[in-house]
Structures are given as C-alpha cells and as structure tokens.
Amino acid sequence: MRKFLVILDDTRECLNAMRFAALRAARTGGGVQILSVIPPEEYNHWIGVGEIMREEARERIEAHFEVFAKWMRDRQGVDPELVIREGEPVPEILAQIRDDPRIGVLVLGAGTDKKGPGPLVTQLTKSAGMLPVPMTIVPGGLSKEGLEAVC
C-alpha cells in the first residue's frame with residue numbers, strides 16, 4: 001500500500017495538506033502517514049526543562065493528530081498513522097522517507113501570506129529533483145470544494 005506522507009505542524013496550510021492526503025488515499029486505496037517533527041531544544045543545558053517541553057510537545061501533537069485522524073476515519077475511511085521525530089524538520093522528513101519504503105508521495109501545504117509558501121516548501125523545492133518520491137504542494141487558499149474537485 002502506498003502511503004501519502006503529510007506533515008503536521010502549527011501552520012494553517014497544514015489543514016489543506018491533511019485533507020488532500022486523506023482524499024487521495026481514500027480514492028487510490030492508499031494510506032496516510034502523519035509526521036510531526038519536534039525541533040531541537042535551544043536550552044539543552046536545562047535537561048529537566050527540556051524533557052518537560054518535549055513531553056508537552058508530544059502531548060500537543062497527539063491531541064492534534066487525534067482530531068485529524070478522527071476526521072480521516074469518519075469521512076474518508078482512512079486510518080492514518082502518526083510518526084513523531086526529533087530534530088530539524090527537513091532532514092527528519094527526508095530520513096522518514098528513506099526509513100519507510102512504502103511512502104510514495106510527500107504532501108505539503110503552501111502558505112498564502114506575503115512571506116512565501118513557508119519554510120518547508122521553500123527548502124524542499126530547492127532539492128525537489130533529488131527527492132526519492134514525488135512531492136505534491138497543496139495551495140493553502142484552495143477551498144474544500146476545490147480540493148475535492150482535484151482529488
């Protein structure tokens with residue numbers, strides 16, 4: 001089964017990427033893997049505080065995942081899996097793709113503000129020709145109806 005890898009973060013465009021991945025997986029008989037990356041702590045010398053912050057980040061990620069997972073199961077019949085990694089986002093995304101040979105497509109949401117599409121899209125498109133899987137960039141401003149029409 002081919003999996004659509006989608007990134008769970010705190011951006012608004014993440015929602016459209018989640019919807020797109022679920023719709024495509026449902027229509028093609030694929031799966032969805034949701035990856036969230038906890039960035040490295042800036043204050044590593046405060047070990048106890050760093051551990052608490054990581055645990056809080058995991059709890060927040062799991063709570064967000066449950067919201068998306070319920071929607072995917074109830075509306076699309078897709079049961080997503082959650083993967084949490086720690087490190088810098090782009091290297092961790094690439095490592096996850098390398099580590100799971102069933103990932104067939106990377107799905108990213110593009111932001112709509114004046115700063116550009118967002119750091120992940122910007123960084124990953126620079127090396128798009130070297131990625132081991134195709135990358136789909138979903139416009140953050142695309143409506144639900146628009147998403148359904150293209151899926």
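Sequence order as written defines the numbering, with residues in each chain counted from 1. Predicted model: local features are reported for residues with pLDDT of at least 70 only, side-chain atom pairs are reported and counted for 80 or more only, and whole-chain, interface and lining totals are derived from all residues. Excluded from the side-chain calculation are hydrogens and water; included are all heavy atoms of the structure.

A. Main features of helix α3 (residues 89-99). Remark: exposure states derive from per-residue accessible area (1.4 Å probe, protein chains only) relative to the maximum for the residue type, with buried under 20%, exposed over 50%, and partly exposed in between. A run of H or I in DSSP becomes a helix once it reaches four residues, and a run of E becomes a strand once it reaches two; helices and strands are each numbered from the N terminus. Every buried residue of α3 is accounted for by V90, E92, I93, A95, Q96 and I97. Of the surrounding secondary structure, the elements contacted by the buried residues of α3 are β1 (3-7), β2 (31-38), β3 (81-86), β4 (103-110) and α4 (119-126). Here, residues are in contact when the closest pair of their heavy atoms is within 4.5 Å.

B. Quick look at α4. Taken together, the buried positions of α4 are L120, V121 and L124. All buried residues of α4 lie within an arc of 95° about the axis, which places them on one face of the element. Exposed residues on α4 whose side chains face more than 90 degrees from its buried face are P119 and K126. Here the buried face of α4 lies against β1, α3, β4 and β5 (135-139). To be clear, the arc concerns the directions from the helix axis to the C-beta atoms.

C. Representation of the pairing of β5 within the structure. Being paired, for any two strands, means DSSP has found at least two bridges between them. Two elements, β4 and β5, share 5 bridges in a ladder whose sense is parallel. Of the residues in β5, the one forming a bridge with L106 is M135. A crossover counts as right-handed when, viewed with the strands pointing away from the observer, the path leading from the first strand over the helix to the second turns clockwise. Of the crossover connections in this fold, the one passing from β4 over α4 to the parallel β5 is right-handed.

D. A look at the state of the cysteines. A pair of sulfur atoms, both from cysteines and within 2.5 Å, is called a disulfide here. Scanning the model with the defined rule gives 0 disulfides in all. Summary of cysteine pairing: C14 is not part of a disulfide, and the nearest cysteine sulfur, belonging to C151, is at 15 Å.

E. Main features of the sheet that holds β5. Taken together, the 5 strands give an open sheet; going across it, the order is β3-β2-β1-β4-β5, and neighbouring strands pair in parallel fashion. Each end of this open sheet is capped by a strand with a single partner; those strands are β3 and β5. Averaged over all neighbouring strand pairs, the angle between strand axes comes to 30°, with direction disregarded. As judged from the 6 bridges shared by β2 and β3, these two strands associate in the parallel manner. Across the sheet, residue S36 finds its bridge partner in β3, namely I84. To define axes, lines are fitted to C-alpha atoms, for helices over the stretch in contact only, and angles between the resulting N-to-C directions are given on a 0 to 180 degree scale. Packing of helix α1 (residues 14-28) onto the sheet brings it into contact with β1, β2, β4 and β5, and relative to β1 it is tilted by some 170°.

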